[in-house]
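Next come the chains, spelled out residue by residue.
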Amino acid sequence: MQHAGYHLCCNPPFAPTRHGMQGLVPFEGHDLATGETSTRGLDALAAAAAGYRQAGARFAKWRAALRVDAGRGFPSERAVELNAQQLAQYAAVCQAAGLVPIVEPEVLIDGAHSAAEFGRVSERVIGATVAQLWRQGVQLEGCLLKPQMIIKVGSSVQRITVPAAPRRLLACVCGWR
């Protein structure tokens, strides 16, 4: 089912999932391909969420995409905070409509950043998102947090060790440092 930029995905054996975002929009003075972005669609989400729940959706997914580029100062504090706020607002609206929000604060793997820089940015972005989820009153136990899992550095791929990945995520969710 598609409607005004929204997409209802019904792929058995999974519960129907609603993709609520209407795409990325560049910050003023930035371009979509290489600049900083936020996600659009919040203005119409509350009105549509109940209808999608009635149409069979049980989950809804929203994605924020943030670039790592230390030379350009990406992601900026403004980008991190705005995207975290939007993700939290989306999650609160979805929960109010009876949908389980899938919150995806994605740090893009493209770029020449180091694994350490990617890890620091990921922790900052996930930490800001979780803080905003708390501020918006989102019930974390009724929310799915979907962070990225692989760190790409140039043409090689580095993975965080299995024991380290949950510790990093828990540190962001619980505020541990």
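To be clear, the structure that these remarks concern was listed above.
Residues numbered from 1 in each chain as written. Predicted model: local features only at pLDDT ≥ 70, side-chain atom pairs only at ≥ 80, totals over all residues. Heavy atoms only, no water.

Moving on, we get to the packing of helix α1 (residues 42-54) against helix α2 (residues 77-96). Look at α1 against α2: their axes get within 9 Å of each other, and the N-to-C directions meet at 10 degrees. When the axes of α1 and α2 are compared, the pair comes out roughly parallel. The two elements α1 and α2 meet at a crossing, and its hand is right-handed. Two secondary-structure elements touch here, α1 through Leu 42, Leu 45, Ala 46 and Ala 49 and α2 through Gln 86, Gln 89, Tyr 90, Val 93 and Cys 94. Residue composition of the contact of α1 with α2, grouped by class: seven nonpolar, two polar and no charged. (Axes fitted to C-alpha atoms, helices over the stretch in contact; angles between N-to-C directions. Helix = DSSP H or I, 4+ residues; strand = E, 2+ residues; numbered from the N terminus. Parallel < 35°, antiparallel > 145°, perpendicular 65-115°, else oblique. Left-handed = near helix turned anticlockwise from the far one by under 90°. Contact = heavy atoms within 4.5 Å. Nonpolar A, V, L, I, M, F, W, Y, C, P; charged D, E, K, R; others polar.)

Right, let's talk about α2 for a bit. Taking 1.5 Å per residue as the helical rise, α2 with its 20 residues ought to reach 28 Å, and the 29 Å between its terminal C-alpha atoms agrees with that figure. Ala 79, Val 80, Asn 83, Ala 84, Gln 86, Leu 87, Ala 88, Tyr 90, Ala 91 and Cys 94 are the residues of α2 that are buried. Those residues of α2 that are buried lie in contact with β5 (37-39), α1, β6 (59-66), β7 (100-107) and α3 (115-135). Looking one or two places after α2, you find Gly 98, whose phi comes out positive at around 90 degrees. (Expected span 1.5 Å × (residues − 1). Buried < 20%, exposed > 50% of the residue type's maximum accessible area, 1.4 Å probe, protein only.)

Below, the discussion takes up the pairing of β7. The two faces of a sheet get side chains in turn, since along a regular strand they alternate between them. For β7, the tally of buried residues reaches seven of eight residues, placing the bulk of the element in the interior. Regarding the hand of the β-α-β motif, the stretch spanning β6, α2 and β7 is right-handed. In this sheet, strand β8 (residues 144-145) lies alongside β7 in parallel orientation, the contact comprising two bridges. From the neighbouring strand, Val 103 faces β8, where its bridge partner is Leu 145. (Right-handed = clockwise from strand over helix to strand, strands pointing away. Pairing = 2+ DSSP bridges.)

Everything listed here is a matter of coordinates, which is why it stays silent on function.
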